[in-house]
Amino acid sequence: MVDVDSENLGEPLPRAEDLRHFQGRTRMIETHLDSLSGQLPIGGLAVDVGCGLGMGAIALANRGFASIGVDIDSSNRLLPFALTQARKSGLVANLTLTEEGLPLPLPNSRQVLLVHGDAADLQVADNSVDLVTAFYVSGPRSERDHWTDIAQRCLRVLKPGAPILITTEDGSREGLAKGMLRGLGFTSVSSEPIRTPGVLDTCVIIGRKPFAP
Ligand SMILES: C[S@@+](CC[C@H](N)C(=O)[O-])C[C@H]1O[C@@H](n2cnc3c(N)ncnc32)[C@H](O)[C@@H]1O
């Protein structure tokens, strides 16, 4: 495992388009988290799958979670950007380059751990996570296989009764995502459209890990 800090990365100047995307997407994610706050835990350990530039993982940490943001991207651009943004917002943040032996942040600690790797292989203990989020994630493999692998891993690491929150780029994927969650054994699967004027119409889906297998 290699820990990387911003000194080693030389803090490259962020690209303007990354900053714009980060700010716009952060607003969307904050809206989702606000509108669903009654259905989400108020703290603990959260995992943001496909964290990209870090908006979800940072938003969750700013709400009191210890968050793990995991992304498979190999450009060496997204996660360093996320690390810089997390530290700018006053969070304790680290980036690790493999998913082995993660130095897990303590629940409720307002820390962010960014992990470069496949969320389907995330090395987090079973039954240890209070919330999984996946904001606008699509993948390199066929959507069904990709999501099934990731969601199966999420099901294992979630605590019994804990939620998974998925957003889709558009409402047309709602049925696919809900069917997949139900097929894997998630319960209380529900969805709602989120309409933000001037922004993509999206869909938010929530499911819960059952208490009994
Ligand atoms: C459309 S971007 C969304 C990023 C961010 N969540 C957002 O809201 O802007 C999807 C991200 O998922 C990541 N991703 C795709 N498959 C993944 C996997 N199996 N494990 C981890 N990350 C994955 C991609 O690298 C990409 O950064």
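As shown above, the structure is provided for reference.
Residues numbered from 1 in each chain as written. Predicted model: local features only at pLDDT ≥ 70, side-chain atom pairs only at ≥ 80, totals over all residues.

Re the environment of Gln39
- With respect to the secondary-structure elements, Gln39 resides in the loop between α2 (16–35) and β2 (45–49).
- What makes Gln39 partly exposed here is the crowd of 13 C-beta atoms within 10 Å.
- Spatially, the C-alpha atoms of Gln39 and Ala162 are 9.8 Å apart, while their sequence positions differ by 123 residues.
- Those residues in contact with Gln39 that sit more than four places away from it in its chain are Pro163 and Ile206. (Helix = DSSP H or I, 4+ residues; strand = E, 2+ residues; numbered from the N terminus. Buried ≥ 20, exposed ≤ 12 C-beta atoms within 10 Å, placed from the backbone. Contact = placed C-beta atoms within 7 Å.)

Brief notes about the site of the ligand
- With respect to spatial proximity, 21 residues lie near the ligand, and among them Gly50, Gly52, Asp73, Ala119 and Phe135 are the closest.
- When residues of the shell around the ligand are traced back to their parent elements, those giving at least two are α3 (55–62) and β3 (66–71). (Near = placed C-beta within 6 Å.)

A closer look at unusual backbone geometry
- One non-glycine residue, Asn108, lies in positive phi territory at about 65 degrees.
- Mapped onto the fold, Asn108 is located in the loop between β4 (92–96) and β5 (111–116).
- According to the C-beta neighbour criterion, Asn108 is partly exposed, with 14 such atoms within 10 Å.
- Backbone geometry places Ser188, a non-glycine residue, at a positive phi of 50 degrees.
- Within the element layout of this structure, Ser188 appears in strand β8 (residues 187–194).
- Accessibility expressed as a C-beta count within 10 Å gives 13 for Ser188, which makes it partly exposed.

Any link to function would need more than the numbers given here.
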